Amino acid sequence: MAQKNRRKQPTIDREHGLFLLKDMLRIRRLEEKCVELYTASKIRGFVHLYIGEEAIAVGAMLALVPEDNIVATYREHGHALARGVSANAIMAEMYGKVEGCSRGRGGSMHLFDAATRFYGGNAIVGGGLPLAVGLGLADKLAGRQRVTACFFGEGAVAEGEFHESMNLAALWKLPVLFCCENNLYAMGTALARSESETDICLKASAFEIPAWPVDGMDVLAVEEATKRAAIAVRAGGGPHFLEYRTYRFRAHSMYDPELYRDKLEVEEWKKRDPIPNLVERLKQHNLWQEEVWTEMEAEVAREIDAAVEFAEAGHWEPVEELTRFVYSDPSLRSGPALNPER
Amino acid sequence: MRAAIRDALLRDERVFLMGEDVGRYGGCFAVSKGLLDEFGPERIRDTPLSESAFVGAGIGAAMGGARPIVEIMTVNFSLLALDQIVNNAATILHMSGGQFNIPLVIRMTTGAGRQLAAQHSHSLEGWYAHIPGIKVLTPATLEDARGMLWTALEDPDPVLIFENGLLYNMEGELAGDAGPVEIFQAAIRRPGKQISLFTYGGTLFKTLQAAEELAREQIDAEVVDLRTLRPLDTATIVDSVKRTHRALIVDEGWKTGSISAEIMARIMENAFYELDAPVARVCSAEVPMPYPKHLEDAAIPQTPGIVAAARRVVTGHE
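What you are looking at is a predicted structure, and each value in this text was computed from that prediction instead of being measured.

Parameters at a glance
Throughout this document, residue positions are counted from 1 along each chain, in the order its sequence is written. Chain letters start at A and ligand numbers start at 1, both assigned in the order the entries are written. For a predicted model such as this one, the threshold for reporting local features is a pLDDT of at least 70, and the threshold for listing and counting side-chain atom pairs is 80 or more; totals across whole chains, interfaces and linings nevertheless cover every residue. Only DSSP runs of H or I reaching four residues or more are called helices, and only runs of E reaching two or more are called strands; each is numbered from the N terminus. What the globule rule says is 2.2 Å times the number of residues to the power 0.38, and the radius of gyration is computed from C-alpha atoms. Around each residue's C-beta, the other C-beta atoms within 10 Å are counted; 20 or more make the residue buried, 12 or fewer make it exposed, and counts in between make it partly exposed. All C-beta atoms are placed from the backbone. By the criterion used throughout, residues are in contact when their C-beta atoms, derived from the backbone, lie within 7 Å. In this classification, the charged set is Asp, Glu, Lys and Arg, the nonpolar set is Ala, Val, Leu, Ile, Met, Phe, Trp, Tyr, Cys and Pro, and all remaining amino acids, among them Gly, are polar. A pair of strands is treated as paired once DSSP finds two or more bridges between them. Only C-alpha atoms enter the line fits that serve as axes; for helices the fit covers just the stretch in contact. Angles between N-to-C directions range over 0 to 180 degrees. An automatic or database domain assignment is the source of the domain bounds shown. When an angle is under 35 degrees it counts as roughly parallel; over 145 it counts as roughly antiparallel; between 65 and 115 it counts as roughly perpendicular; any other value is oblique. What pLDDT reports is the predictor's confidence in each residue, on a scale of 0 through 100. Two helices that cross are described as forming a left-handed crossing if the nearer one is turned anticlockwise from the farther one by less than a right angle, and a right-handed crossing if clockwise. Multiplying 1.5 Å by the helix residue count minus one yields the expected span of that helix. What we call a nonpolar core is a set of buried Ala, Val, Leu, Ile, Met, Phe, Trp, Tyr and Cys residues whose membership is set by joining through C-beta atoms within 7 Å.

K.L.:
I'm lost on the overall build of chain B in this one. Help?
P.N.:
Of the regular secondary structure elements, chain B holds 13 helices and 12 strands. Over its C-alpha atoms chain B spans a radius of gyration of 20 Å, differing by no more than 12% from the 20 Å that the globule rule assigns to 318 residues. When the backbone C-alpha atoms are referred to their principal axes, chain B occupies close to 60 × 45 × 40 Å. The 318 residues of chain B split such that 56% are buried. Long-range contacts, defined as pairs at least 24 residues apart, comprise 77% of the intrachain contacts of chain B with a sequence gap of at least 6.

K.L.:
Can you help me understand the overall build of chain A in this one?
P.N.:
Scanning chain A from terminus to terminus reveals 12 helices and eight strands. Taking 2.2 N^0.38 as the reference for a compact globule, 342 residues should give roughly 20 Å; the C-alpha atoms of chain A span a radius of gyration of 20 Å, in line with that estimate. For the C-alpha atoms alone, the extent of chain A along its principal axes is close to 65 × 50 × 40 Å. Sorting the 342 residues of chain A into buried and exposed places 50% on the buried side. A sequence separation of at least 24 residues applies to 77% of the contacts in chain A between residues at least 6 apart.

K.L.:
How do you make sense of the interface of chain B and chain A when you look at a structure like this?
P.N.:
Where the parts come together, the accessible area they lose is often given as the size of the interface. Listed per partner, the contact involves 42 residues of chain B and 40 residues of chain A. Residue assignment for the side of chain B that touches chain A shows that the elements contributing at least two residues are α3 (51–63), α5 (82–89), α6 (92–95) and α8 (142–154) of chain B. Ranked by residue count, the leading element in the side of chain B that touches chain A is α3(B), at 10 residues. Looking at the side of chain B that touches chain A, its residues break down into 17 nonpolar, 17 polar and eight charged.

K.L.:
Looking at this model, I keep getting lost on the sheet that holds strand β2 (residues 118–122) of chain A. Mind explaining?
P.N.:
Paired through their backbone hydrogen bonds, the strands of a sheet run either parallel or antiparallel. Residue and element names in this part refer to chain A. The strand order across the open sheet built from six strands is β2-β1-β3-β4-β8-β7, with neighbouring strands paired in parallel fashion. The strands lining the two open edges of the sheet, one partner per strand, are β2 and β7 (211–215). When strand polarity is set aside, the average angle formed by the axes of neighbouring strands in this sheet is 20 degrees. Sheet analysis places strand β3 (residues 148–153) next to strand β4 (residues 176–182), joined by six bridges and oriented parallel. By the bridge assignment, Ala-149 is partnered in β4 with Leu-177.

K.L.:
Explanation requested: the domain arrangement of chain B in the structure shown.
P.N.:
Residue and element names in this part refer to chain B. When the domains of chain B are assigned, the result is domain 1 (2–169) and domain 2 (187–315). For domain 1 and domain 2, the distance between their C-alpha centres works out to 27 Å. On the domain 2 side, the residues contacting the 24 residues of domain 1 number 23 residues. Mapped by element, the contributors of at least two residues to the side of domain 1 that touches domain 2 are α7 (125–128), β5 (135–137) and β6 (159–164). Considering every element that reaches the side of domain 1 that touches domain 2, the biggest residue donor is β5, with three residues.

K.L.:
What is the right way to read the packing of α3(B) against α5(B) from this model?
P.N.:
Any two packed helices are characterised by the angle at which their axes cross and by the distance between the axes. Residues and elements named next belong to chain B. Viewed as axis vectors pointing N to C, α3 and α5 meet at an angle of 30 degrees, and their least axial separation amounts to 8 Å. Taken together, the axes of α3 and α5 are roughly parallel relative to one another. Across the interface between the two elements, Ser-52, Val-55, Gly-56 and Ile-59 of α3 pack against Asp-83, Gln-84, Ile-85, Asn-88 and Ala-89 of α5. Taken together, the residues that form the contact of α3 with α5 break down as four nonpolar, four polar and one charged.

K.L.:
Help me understand unusual backbone geometry, please; the structure alone is not making it clear to me.
P.N.:
Most peptide bonds adopt trans geometry, and most residues besides glycine take a negative phi value. Cis geometry marks the peptide bond from B:Arg230 to B:Pro231; its omega dihedral reads 0 degrees. Note that B:Pro231 resides in the loop between β10 (228–230) and α10 (234–244). The backbone of A:Arg103 shows a phi angle near 60 degrees, a positive value even though the residue is not glycine. Looking at the element boundaries, A:Arg103 is found in the loop between α4 (87–95) and β2. Even without a glycine there, the phi angle at B:Arg227 is positive, about 65 degrees. Considering the arrangement of structural elements, one finds B:Arg227 in the loop between β9 (221–225) and β10.

K.L.:
How should I be thinking about the confidence of the model for chain B in this particular structure?
P.N.:
Keep in mind that low pLDDT regions are not for reading the predicted coordinates in detail. For chain B, mean pLDDT is 93; residues scoring 70 or higher make up 97% of the total. Our summary of model confidence lists the complex with pTM equal to 0.93 and ipTM equal to 0.92.

K.L.:
Please explain the sheet that holds strand β4 (residues 105–110) of chain B as it appears in this structure.
P.N.:
All names here are of chain B. Spatial strand order, β2-β1-β3-β4-β6-β5-β10: seven strands in an open sheet with mixed pairing. If you trace the sheet from one side to the other, it starts and ends with β2 (44–46) and β10, each paired once. On average, each strand axis in the sheet is tilted by 20 degrees relative to the strand beside it, whichever way the strands run. Direction of pairing for strand β3 (residues 67–74) relative to β4: parallel, over a ladder of five bridges. Across the sheet, the residue bridging to Glu-71 is Arg-107, located in β4. The sheet contacts of α8 involve β1 (15–19), β3, β4, β5 and β6, and relative to β6 the element is tilted by about 170 degrees.

K.L.:
Before we go on, may I ask you to explain the packing of helix α5 (residues 128–142) of chain A against α3(B) in this structure?
P.N.:
Two elements in contact, α5(A) and α3(B), have axes whose closest approach is 6 Å; the angle formed by their N-to-C orientations is 50 degrees. Considering their axes alone, α5(A) and α3(B) lie oblique with respect to each other. Considering the relative orientation of α5(A) and α3(B), their crossing is right-handed. Here A:Pro130, A:Leu131, A:Ala132, A:Val133, A:Gly134, A:Leu135, A:Leu137 and A:Ala138 of α5(A) lie close against α3(B), whose contacting residues are B:Ser52, B:Ala53, B:Gly56, B:Ala57, B:Gly58, B:Ile59, B:Gly60, B:Ala61 and B:Met63. Considering only residue class, the contact of α5(A) with α3(B) consists of 12 nonpolar, five polar and no charged.

K.L.:
Would you take a moment to explain the environment of B:Arg230 for this structure?
P.N.:
Residues and elements named next belong to chain B. Structurally, Arg-230 can be placed in strand β10. A sequence separation of 104 residues divides Arg-230 from Gly-126, and the C-alpha atoms of the two residues are 8.7 Å apart. Excluding residues within four positions of it along the chain, Arg-230 makes contact with Ala-129, Ile-134, Lys-135 and Val-136.

K.L.:
What am I meant to see in α5(A) here?
P.N.:
Residue pairs three or four apart in sequence face the same way in an α-helix, which turns once every 3.6 residues. Between the first and last C-alpha of α5(A) there are 21 Å, a value that for 15 residues agrees with the 21 Å anticipated at 1.5 Å per step. With its phi angle positive at about 70 degrees, A:Gly143 sits one or two positions after the end of α5(A).

K.L.:
Can you walk me through the nonpolar core in this structure?
P.N.:
If you look at soluble globular proteins, the nonpolar side chains tend to sit buried side by side. Ranked by internal contacts, the top residues of the largest apolar core, which has 187 residues, are A:Cys150 and B:Ala310. No fewer than three residues from each of domain 1 (2–169) and domain 2 (187–315) of chain B sit in this core. For B:Ala310, the contacting residues outside a window of four places in its chain are B:Ile195, B:Leu197, B:Ala210, B:Leu214, B:Ile219, B:Ala221 and B:Leu248.

Shown next as structure tokens:
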């Protein structure tokens, strides 16, 4: 059943608070740089910004361990960075350089990274959910205690794949953590204009999946709720579902004049910006000094500048290699020892 | 097929079979009968009617280290999973810059001939052959039905196997040690000198029969079983045309925008000056498959039509 999150506000310690703050700031500044580079035509294609939603990726990743799997969407710069993919590899990917985390083949919407078990930005809405079910199934069959965290927007709940995947995960009690980032608009379509039932947790409950809403603008609340859910999933409690209530401050992508929402609404949500909110919280607990902020900004700026430099210095994959990676290189067969030694 | 699946389950504990009614029911063509008792419900996994989710789950499980065999009842139902097959299975290796391969096998039945009408009888394997990133196998013989599954499971990338429904009931003796087979080469099932008949899957035996009838008319036909539609073995096709100088393609798919058109194009590109006559085709009529037997028979390639078309190519008249 849908549960209300009645927990008290989580406590905060200084070091942890600053860590969260810095991770959110890294995402924000990386993406602001992306806008600049897009305008300068260094980055092309579609770029979907996560600005405003950073608390979710940062808080949620802390509930996961390196063995866990992550499936994300095309709005995944924040998830990749928070998961530990380097800003260098992400920026080089956006440039389309071979040093990118997907060798430049994917771009902004398709960040992949085997080392951090980051199974990609999937740009078909709802298309990643069945994959997450499968990753969970493989872990269950192999007896591994991993969690597969699957991020998707509220727009995905209109897709058949959402319902099919929720049912399969629940039916087979798979270790999947469904992380729904409800930013209220599927591109330009407000939830109430596309769903007869706008309570998303109820949809998960219909599949007997424990589900609860989370304030997606509060990184501490995200961390706490996600940890609680991940612990339950890891313990064999079957799939869990979190609805992070959030808002995207920027346009859907670079080609969006935002005719579908009120500027006042955007301004209201900006008051709940997760970054200043966390600063405020630290201040309330006397854990704040202005010079920390200055130093943090400088450090993040250095990281992002270095990433841009890295991407600029990167290489274009030779056109002769165009048809690589359509099929696996036979010499690199990771495949199936069908004559196992056992 | 059952022997092939059983072999695979015995050989590798990462292999599991998943699909609608593969367990309790025994498979809708009884292909997996008895496997549930032997291997249990974790590895003989019944799924809900959710093609997109269970095909996608097969892709995810393959990325997660398993070796799934996903069964889809018919090619028409596979269209419900087209997003997962085309947008994920075929692309993830590429989009990830070679980091994540998808060692997945998807089996499905294809073809007409059982009066199952227009939503269970089409031959869309040629359509799938359009997609880079997947392999398309079309076994027609018992050896291939058994051996191709083995080879497909050894492949690091997604492999689709299209099994013609009429071939399930074909009987024959298989050597006890029948093993994996090579999948990238077309096979010359009957050598001949005057015309090359290119076909695969459900129409192979009709074409072989046509070749026998042509022999009685002193027309010596070569029958090439394509076996795999992607990658297509252009070299064997071209070599055959260079020997016979005439070609006829027999395909249960429709003509327009089809694998038969692709084969013709490759012959034009690679062997145009070898030809003594225009290349011809025998394909399905361009209609959704009708239910009544006489109309279904008329809609798909049949031996007399193949004989007549081949005769026309060789002699210039009916």
